[in-house]
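Analysis of the macromolecular model
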Amino acid sequence: MSPAQTAVTAVLTEKFEVSPESIRPEVTLESLDLDSLVLAELALALQEELGVPVQEDEAARHSTVGELVAVLNAKRA
């Protein structure tokens, strides 16, 4: 598991109480019942966790977990 994937999973489960079984690459953030305010908080939490800038539109409702992880991995590279 990449550091970005670990961070996404940790933030979603610990801060937003998403069940770990629900966090799969093909799942959209919207389907995890994350509203726009929570997505803004998610972007900020991931930015703090990974030390890379995360724009709110990179953690958009239509984004999948896999897409978000890929963006974060690219920023860390």
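Just above, that's the structure.
The notes below deal with the structure included here.

Under the counting rule described, the total for this entry stands at three salt bridges. Two residues, R24 and E26, come together in a salt bridge whose shortest N-O distance is 2.9 Å. In this structure, K75 and E58 form a salt bridge, with 3.2 Å as the shortest nitrogen-oxygen distance. Here E58 lies in the loop between α2 (36-50) and α3 (65-76) and K75 lies in helix α3, a separation of 17 residues in the sequence.

Let us look at unusual backbone geometry. Of note, E17 is a non-glycine position whose phi angle comes to about 55°, a positive value. Locating E17 in the fold gives a position in the loop between α1 (3-14) and α2. With a relative accessible area of 71%, E17 lands in the exposed category.

Here we take up the nonpolar core. Of all hydrophobic cores here, the largest spans 26 residues; its most connected members are L12, L29, L34, L42, L46 and L72. Looking at this core, the elements that each hand over two or more residues are α1, α2 and α3. The greatest single-element share of this core, amounting to seven residues, is contributed by α2. For L12, the contacting residues outside a window of four places in its chain are E17, V18, I23, L32, L34 and L42.

Right, let's get into the packing of α1 against α3. Their axes nearest at 8 Å, the elements α1 and α3 cross at an angle of 130°. Overall, the two elements α1 and α3 adopt an arrangement that is oblique. The crossing of α1 and α3 is right-handed. Here P3, A4, Q5 and V8 of α1 lie close against α3, whose contacting residues are V65, L68, V69, L72, N73 and R76. Residues belonging to the contact of α1 with α3 are distributed by class as follows: seven nonpolar, two polar and one charged.

Thresholds applied
Residues numbered from 1 in each chain as written. Predicted model: local features only at pLDDT ≥ 70, side-chain atom pairs only at ≥ 80, totals over all residues. Heavy atoms only, no water. Salt bridge = Lys/Arg side-chain N within 4 Å of Asp/Glu carboxyl O. Helix = DSSP H or I, 4+ residues; strand = E, 2+ residues; numbered from the N terminus. Buried < 20%, exposed > 50% of the residue type's maximum accessible area, 1.4 Å probe, protein only. Core = buried A, V, L, I, M, F, W, Y, C linked by side-chain atoms within 4.5 Å. Contact = heavy atoms within 4.5 Å. Axes fitted to C-alpha atoms, helices over the stretch in contact; angles between N-to-C directions. Parallel < 35°, antiparallel > 145°, perpendicular 65-115°, else oblique. Left-handed = near helix turned anticlockwise from the far one by under 90°. Nonpolar A, V, L, I, M, F, W, Y, C, P; charged D, E, K, R; others polar.

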